[in-house]
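Chain residues, written in single-letter form:
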Amino acid sequence: MSEGEVFHEKQRLELCAIHALNNVLQERVFTKETADDICKRLAPQCVVNPHRSVLGTGNYDVNVIMAALQSRELAAVWWDKRRTVQSLCMSKVQGFILNVPSRVSLGIVSLPLRRRHWLAVRQVNGQYYNLDSKLKSPVCIGGEAELRTFLSEQLSQDVAEMLLVVRRDVEEDGSWLNADNAKK
């Protein structure tokens, strides 16, 4: 499969969480409206919803991502950065959603600010792709060894975080972790 055949939503407003979800699922499942509905369910009594931007432009938090995945019979497993990515059982992981620092720009002017940004990584036809919505097109990372290097580099940033996207049964039995690294 060529990069042109890999599903890839591009950045719009502050909707990187929605783009990351759709990119990791490889289809347009979630919209701003569905994410806003999730926010309302998570905080029904709040006038100002704590799970999204006050301006209504997106900037959804991890709770929205987790609830969205649960609606698809999937789970988000928070990755403990004290572990090495070598301990991941890649065959049990459907994709990765990372939260990384990102530069802020106004048009062509880059500001000396950093904000949090959600991005997706997923395997498509045997190759792993960086599906960051800020990229012009998907970027092929390569195979499993290259993926582990990529993830290690991303996680070496102090504030970077990673969620593993797995089936619910995989979350429950912990099989996303190699057997020799699993908790006894």
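Just so it is clear, the structure is predicted and the values come from calculations on it, not from any experiment. (Residues numbered from 1 in each chain as written. Predicted model: local features only at pLDDT ≥ 70, side-chain atom pairs only at ≥ 80, totals over all residues. Heavy atoms only, no water.)

### So, the packing of aromatic side chains
This is how it is decided: Only Phe, Tyr and Trp rings take part, Trp by its six-membered ring, and two of them pair if their centres are within 6.5 Å. Stacked means planes under 30 degrees apart, edge-to-face means over 60, and tilted covers everything else. The way it works is that DSSP assigns letters per residue, a run of H or I at least four long becomes a helix, a run of E at least two long becomes a strand, and they are numbered from the N terminus. Classification of residues uses two cut-offs on accessible area relative to the type maximum, computed with a 1.4 Å probe and protein chains only: under 20% is buried, over 50% is exposed, and between them is partly exposed.
One pass over the structure, following the stated rule, counts 1 aromatic pair. Considering the side-chain rings of Trp79 and Trp176, the 6.1 Å spacing of their centres and the 70° angle between planes classify their relative orientation as edge-to-face. Taken together, the residues span a long stretch of sequence, with Trp79 in the loop between strand E1 (74–78) and strand E2 (95–106) and Trp176 in the segment after helix H5 (168–173) at a distance of 97 residues. Considered together, Trp79 and Trp176 belong to a single accessibility category, that of buried residues.

### Details of the UniProt feature "active site" (unreviewed entry) in the chain
We apply this condition: UniProt positions are given in the numbering used here, feature names are shortened, and annotations may be inferred rather than shown by experiment. Between two residues, a contact is recorded if the distance between any of their heavy atoms is within 4.5 Å.
Under the feature "active site" (unreviewed entry), the UniProt entry names Cys16, His117 and Asp132. Over a stretch of 117 residues, the named residues converge on one spot in the fold, their C-alpha atoms separated by at most 9.1 Å. Here Cys16 lies in helix H1 (residues 16–25). With residues near it in sequence (within four places) discarded, Cys16 still touches Gln11, His117, Trp118 and Ser133. Its location among the elements puts His117 in strand E3 (residues 109–124). Other than its neighbours up to four places away in sequence, His117 contacts Gln11, Cys16, Leu98, Asn99, Val100, Ser102, Asp132, Ser133 and Lys134.

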